[in-house]
Amino acid sequence: METAALVVIAFLALAALAPSVLAPGDPLAIAPLDSFQPPSLAHVFGTDESGRDIYTRVIHGTGASLLIGIAATAIGLGLALVFGLLAGFGPRWLDFGTTRFLEVLFAFPGLLFALLFIVVYGPGVVTSTIAVGLSTAPGYARIIRSRVIQVRTSPYLEAALVLGRGRPSRIVRHVLPNVAGSLFVLATLGIGQSIVWASSLSYLGLGAVPPAAEWGAMLSAGRTYIASFWWMTFFPGLFIVLSAAATTLLGRGIQQRGRES
Amino acid sequence: MSALLSVRGLRVRFGDAEVVSDVSFDVAAGECIGIVGESGSGKSVTARALLGLAGRQASVTADELRFDETQILDASAARLRSLRGREVGYVSQGALVALDPLRPVGREISDSLRLHTSSTPAQRRARVLELLADVGVPDPELRAGQRPDELSGGLRQRAVIASAIALGPRLIIADEPTTALDSTVQAGILDLLERLRSEGAALVLISHDLAVVSRLASRVLVMHEGRIVESGPSASVLAEPQHPYTRRLIAAVPTDRPRGTRLGPAPAVPVPSPAPAVPVPSPATPAPATSLNGNSGVTPVAGRDSAHPRRAEALTPEFPSTPVVVAAGLSRSFGARLAVDDVSFTLERGRTLGIVGESGSGKTTVARLVLALDRPDSGDVRLLGEPWSTATERERRPLRPRVGAIYQDALSSFDPRKTVGQIVADALTHGRSQRAGVEVADLLRRVGLDERVMNRRPARLSGGQQQRVAIARAIAPAPDLIVCDEPVSSLDVSVQAQVLDLLDELQRDLGLSYLFITHDLGVVRHVSDEVLVMRAGRVVERGATEQVFGAPQHEYTRALFASAPRIGGDLDLWPVPSVGS
């Protein structure tokens, strides 16, 4: 399973970094005569309403989708790290304040919160990335906070105190590395989720705007024709599922390995 | 008399590893046999195999495995179930986790009644109360309705026993029934088991503790690496052990050893490979003990005189030393509960002060106050003549390296991301100098570890090796004082002996002072120059070790000593009323 996930991720990474190697064509080139072609040797994934090659568009869209996923996760984890460390290390009133604030954020369903943000700042790739990052942050922050507290109160931190280590040295040498371990797993698990969310926003027309090649936007465009031309929605959807599943599997694999050692 | 349970040639294998080999014994009604051995000796697996509970990966074979008329290996699942509930009672090792945390204990006990008898709820309830009263649970009406976390360890164990005997089984298998309990509570549980036996039940008692087994069992089987190495009547096995392993096991029990004598055979160097242990050949000692050491990965090393001089001679060079620790009038309360109440003591250089008491007596709180991990509400601790408990953490920091600590659970005191080498190097006062690697290797050798363990993670080491790493870390900054909080309580008796010997040796060589906290009277007697007996936060008795043990003054001390199981009635090992010099 993990090897399969790694192969998929390697393929996606290649598609994101050098799309032209896998699909030399232009993702935006239209050919009205070739519209709505079913998958064939000439067009592996078929063509859309303007005759654009869906395979080329899906490959060229990988970069945008993955970037949104990674950037959103980074934003979410970054914010969460700040809040989590503040709550975990700060005085009791700060922990109390931060935790209550996070609970307020939690009260909004994640996607609703992202929508709210986009309504205020306008649709687009950047805003939807930030929106997704923001709405995943509270969940991560809670996990980081509890992990910080768990490590901070562990017997080995007490042992470090007994050895005469100061607070900064205890945090840098023991707490951060131990928190970072679980953070890495969270991140890989989170990327898949962020890709799905970002695609959902694009699907709603709030993320990447057509004709940009982005999986969610392509799904949205294909929705109109889903009854007659299934390939327009199937292949972008397949890639969303593949990328999310592969990153999640990888995350689980790392988690498992961490548990065993 | 025909045997109720008859076992012939029992073998249990997990994959390629045979964990129980050729075990045979009989138990008759009203008889108690004890199975003794260290962890990994196969005694628990044996017990579980008797019930058909060895697990799915296990392959169990036997020439005969018969309970009354039933051949257990051929029995159907349904027959085994009825056997387990009705005729064989099983008291499991983890009494504290054997009960469902969300269900009242009364419900748990009535389960076996509900499953195996036809009775009305009212009848069952009456029977549960009767059973609880029977096993000595006070106020059964109240207790039956409580969940396990509302009960003390002793009451929980009694509840487990109550459910095991609910249907009047003819055979009771008790696997380490008292291991997690304080000695006075343990004494009560053993009395209860003894009473059940005298009422006609057969009892198989499994324990690592020779003293516990010898108290109940008429016959003892000593297990080692899955085999029975010795068996016979308890008294004769304990008085005249034939097999070297049994001798070593008995010798390792610290109760009868005065201060300053070794418990183990010789200084031992554990070999880093924990697994199937081919003993490293040591040319000078092709000792008979070698074959026995395989399991713990320990090989005797030659060239050491095992007759050590008494510590007092080697140590105390005449300098006007300030006491290492002076604690005056320490009190600490948590909420309304006074955990430590007006405790004072002085610990001189090179000496060991033992603090003994049952759980909840406040001894660990005293350790935390001395380590300045907690502040006393009143009173103060001075370390090496300097203010300690009243100082700020910043002021304490320069003195921190002078105090080390080792804990019961060594593993959890290590950062899980670090290797043994990193853990010990972290403790060196000068940080990560270039010489650190050499020093770490020296320290590991000093505590009897092979320096190759440096690159291992502690989780991969055995319990004894982990405690040695903890000791290496504690002595790394060249401390004056080491606070030892139950350092050997979770170790097997022979490993415990090695660790105690190591601590003793280090004290003599490095002039360390120990504050040694334990609930184990034998251990405290073996290691301490002076003893404090604590109860409910107060010091009830104090004095020179031999004096306190020889002639205990306080009634609680006497009760504590009386409840401690000791090996063999004939071998009246202690209390020995000799007065220390």
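Values in this document were obtained by computation on a predicted structure and should not be read as measured data.

Right, let's talk about the overall build of chain B for a bit. The number of helices and strands found in chain B is 21 helices and 23 strands. Among the 581 residues that make up chain B, the fraction classed as buried is 48%. At a minimum sequence separation of 6, the contacts of chain B that also span at least 24 residues come to 67%.

Further remarks concern the overall build of chain A. Summing up its helical and strand segments, chain A has 10 helices and 0 strands in all. Secondary structure of chain A in N-to-C order comes out as α-α-α-α-α-α-α-α-α-α. With the C-alpha coordinates aligned to their principal axes, the bounding extent of chain A is approximately 75 × 40 × 25 Å. Taken across its 261 residues, chain A has 41% of its residues classed as buried. For chain A, restricting intrachain contacts to residue pairs at least 6 apart in sequence, the fraction spanning at least 24 positions comes to 65%.

Counting residues at the interface gives 14 residues for chain A, matched by 16 residues for chain B. Mapped by element, the contributors of at least two residues to the side of chain A that touches chain B are helix H7 (155–162) and helix H8 (167–203) of chain A. The element best represented in the side of chain A that touches chain B is H7 of chain A, accounting for 6 residues. When its residues are assigned to classes, the side of chain A that touches chain B shows 7 nonpolar, 6 polar and 1 charged.

In this section: the sheet that holds strand S17 (residues 378–383) of chain B. Backbone-to-backbone hydrogen bonds join strands into a sheet, with any given pair of strands oriented parallel or antiparallel. All names here are of chain B. Read across the open sheet, the 4 strands follow the order S15-S14-S17-S18; overall the sheet is antiparallel. The outermost strands of the open sheet, each flanked by one partner alone, are strand S15 (337–347) and strand S18 (386–387). Alignment of S17 against S18, held across 2 bridges, turns out to be antiparallel. From the neighbouring strand, Leu-383 faces S18, where its bridge partner is Glu-386. Contacts from helix H13 (residues 363–370) reach strand S14 (325–334), S15 and S17 within the one sheet, and its direction differs from that of S14 by about 120 degrees.

All names here are of chain A. Where helix H3 (residues 54–89) contacts helix H6 (residues 125–152), the axes come no closer than 5 Å and their chain directions differ by 40 degrees. By the angle between their directions, the pair H3 and H6 is classed as oblique. Here the hand of the crossing between H3 and H6 comes out right-handed. Here the contact of H3 with H6 is built from residues that sort into 22 nonpolar, 7 polar and 2 charged.

Residues and elements named next belong to chain B. Within the element layout of this structure, Gly-437 appears in helix H16 (residues 436–446). Of the residues examined, Gly-437 has 14 C-beta atoms within 10 Å and is grouped as partly exposed. Spatially, the C-alpha atom of Gly-437 lies 7.4 Å from that of Ala-425, the residues being 12 residues apart in sequence.

Let us now look at the domain arrangement of chain B. The assigned domain composition of chain B is domain 1 (3–87 + 169–251), domain 2 (103–168) and domain 3 (325–550). Each of domain 2 of chain B and domain 3 of chain B was reduced to a C-alpha centroid, and the two centroids are 41 Å apart.

Attention shifts here to the UniProt feature "transmembrane region" (unreviewed entry) in chain A. Residue and element names in this part refer to chain A. Under the present numbering, the feature "transmembrane region" (unreviewed entry) in UniProt falls on residues 66–89, 101–119, 125–144, 175–196 and 229–251. Overall, residues 66–89 shows 100% helix and 0% strand. The separation of its end C-alpha atoms is 33 Å. For residues 101–119, the end-to-end C-alpha separation is 22 Å, with 89% helix and 0% strand making up the annotated structure.

Let us look at helix H15 (residues 420–427) of chain B. Residue and element names in this part refer to chain B. Most of H15 sits out of view: 6 of its 8 residues are buried. Within H15, the full set of buried residues consists of Val-420, Ile-423, Val-424, Ala-425, Asp-426 and Ala-427. Summarising the contacts, the buried residues of H15 are in contact with H16 and helix H17 (463–475).

The next point concerns the pairing of strand S2 (residues 17–27) of chain B. Residues and elements named next belong to chain B. Note that strand S1 (residues 5–14) and S2 share 7 bridges and pair antiparallel. By the bridge assignment, Arg-13 is partnered in S2 with Glu-18. Hairpin connection between S1 and S2: a loop of 2 residues separates the two successive antiparallel strands, and Gly-15 in this loop has a positive phi of roughly 60 degrees.

We now examine the nonpolar core. Generally speaking, a soluble globular protein has its nonpolar side chains buried in company with each other. The biggest cluster of nonpolar side chains holds 180 residues, and the ones touching the most others in it are Leu-171, Ile-172, Leu-203, Val-370, Val-424, Val-483 and Leu-515 of chain B. In terms of residues, this core owes the most to one element, helix H18 (residues 493–510) of chain B, which gives 7 residues. Listed in part, the 37 residues of the second largest apolar core include Ala-15, Leu-66, Val-132 and Met-232 of chain A.

The next subject is the UniProt feature "signal peptide" (unreviewed entry) in chain A. With numbering matched to this structure, UniProt assigns "signal peptide" (unreviewed entry) to residues 1–23 of chain A. Across residues 1–23 of chain A one finds 87% helix and 0% strand; the C-alpha atoms that close the span lie 27 Å apart.

Pairing analysis gives 7 bridges linking S14 of chain B to S15 of chain B, with the strands arranged antiparallel. Paired with Ser-333 of chain B across the bridge in S15 of chain B is Leu-338 of chain B.

Residues and elements named next belong to chain B. Contact pair helix H6 (residues 153–164) / helix H7 (residues 183–198): the axes reach a minimum separation of 10 Å and the direction vectors enclose 15 degrees. When the axes of H6 and H7 are compared, the pair comes out roughly parallel. For the pair H6 and H7, the sense of crossing is right-handed. Here Gly-153, Gly-154, Gln-157, Arg-158 and Ile-161 of H6 lie close against H7, whose contacting residues are Val-185, Gly-188, Ile-189 and Leu-192. Taken together, the residues of the contact of H6 with H7 break down into 4 nonpolar, 4 polar and 1 charged.

Residue and element names in this part refer to chain B. Strand order across the open sheet formed by 6 strands is S19-S20-S21-S16-S22-S23, with mixed pairing between neighbours. Every interior strand has two partners, whereas the edge strands, strand S19 (403–406) and strand S23 (538–544), have only one. For this sheet the average axis-to-axis angle between neighbouring strands, irrespective of direction, equals 15 degrees. Bridge count for strand S16 (residues 352–356) against strand S21 (residues 513–518) is 5 bridges, and the pairing is parallel. Looking at S21, one finds that Val-356 is bridged to Thr-518.

Now for unusual backbone geometry. It is generally the case that most residues other than glycine have a negative phi and that most peptide bonds are trans. Residues and elements named next belong to chain B. Unusually for a residue other than glycine, Ala-372 sits at a positive phi of about 55 degrees. Among the structural elements, Ala-372 can be located in the loop between H13 and S17. Look at Ala-372 and you get buried, because 21 C-beta atoms sit within 10 Å. Backbone geometry places Glu-486, a non-glycine residue, at a positive phi of 50 degrees.

Moving on: the environment of Leu-115 of chain B. All names here are of chain B. Looking at where Leu-115 falls in the secondary structure, it is placed in helix H3 (residues 105–116). Here Leu-115 falls in the partly exposed class, since 13 other C-beta atoms lie within 10 Å of it. It is 57 Å that separates the C-alpha atoms of Leu-115 and Ala-544, two residues lying 429 residues apart in sequence.

Okay, the environment of Ser-490 of chain B next. Residue and element names in this part refer to chain B. Residue position: Ser-490 is located in the loop between strand S20 (481–485) and H18. Between the alpha carbons of Ser-490 and Thr-179 there is a distance of 9.9 Å; along the sequence they are 311 residues apart. Excluding residues that lie within four positions of it along the chain, Ser-490 makes contacts with Gln-408, Asp-409 and Gly-463.

Moving on, we get to the confidence of the model for chain B. Do not read the fine detail of predicted coordinates wherever pLDDT is low. All names here are of chain B. In this model, chain B carries an average pLDDT of 80, and 83% of its residues clear a pLDDT of 70 or more. Overall, residues 267–318 carries pLDDT values under 50, and its contacts beyond four positions in sequence, including any with other chains, amount to 87 contacts. Predicted as a complex, the structure gets a pTM of 0.72 and an ipTM equal to 0.71.

Analysis parameters
Residues numbered from 1 in each chain as written. Chains lettered and ligands numbered in written order. Predicted model: local features only at pLDDT ≥ 70, side-chain atom pairs only at ≥ 80, totals over all residues. Helix = DSSP H or I, 4+ residues; strand = E, 2+ residues; numbered from the N terminus. Buried ≥ 20, exposed ≤ 12 C-beta atoms within 10 Å, placed from the backbone. Contact = placed C-beta atoms within 7 Å. Nonpolar A, V, L, I, M, F, W, Y, C, P; charged D, E, K, R; others polar. Pairing = 2+ DSSP bridges. Axes fitted to C-alpha atoms, helices over the stretch in contact; angles between N-to-C directions. Parallel < 35°, antiparallel > 145°, perpendicular 65-115°, else oblique. Left-handed = near helix turned anticlockwise from the far one by under 90°. Domains from an automatic or database assignment. UniProt positions renumbered as here; feature names shortened; annotations may be inferred. Core = buried A, V, L, I, M, F, W, Y, C linked by C-beta atoms within 7 Å. pLDDT = per-residue confidence, 0-100.

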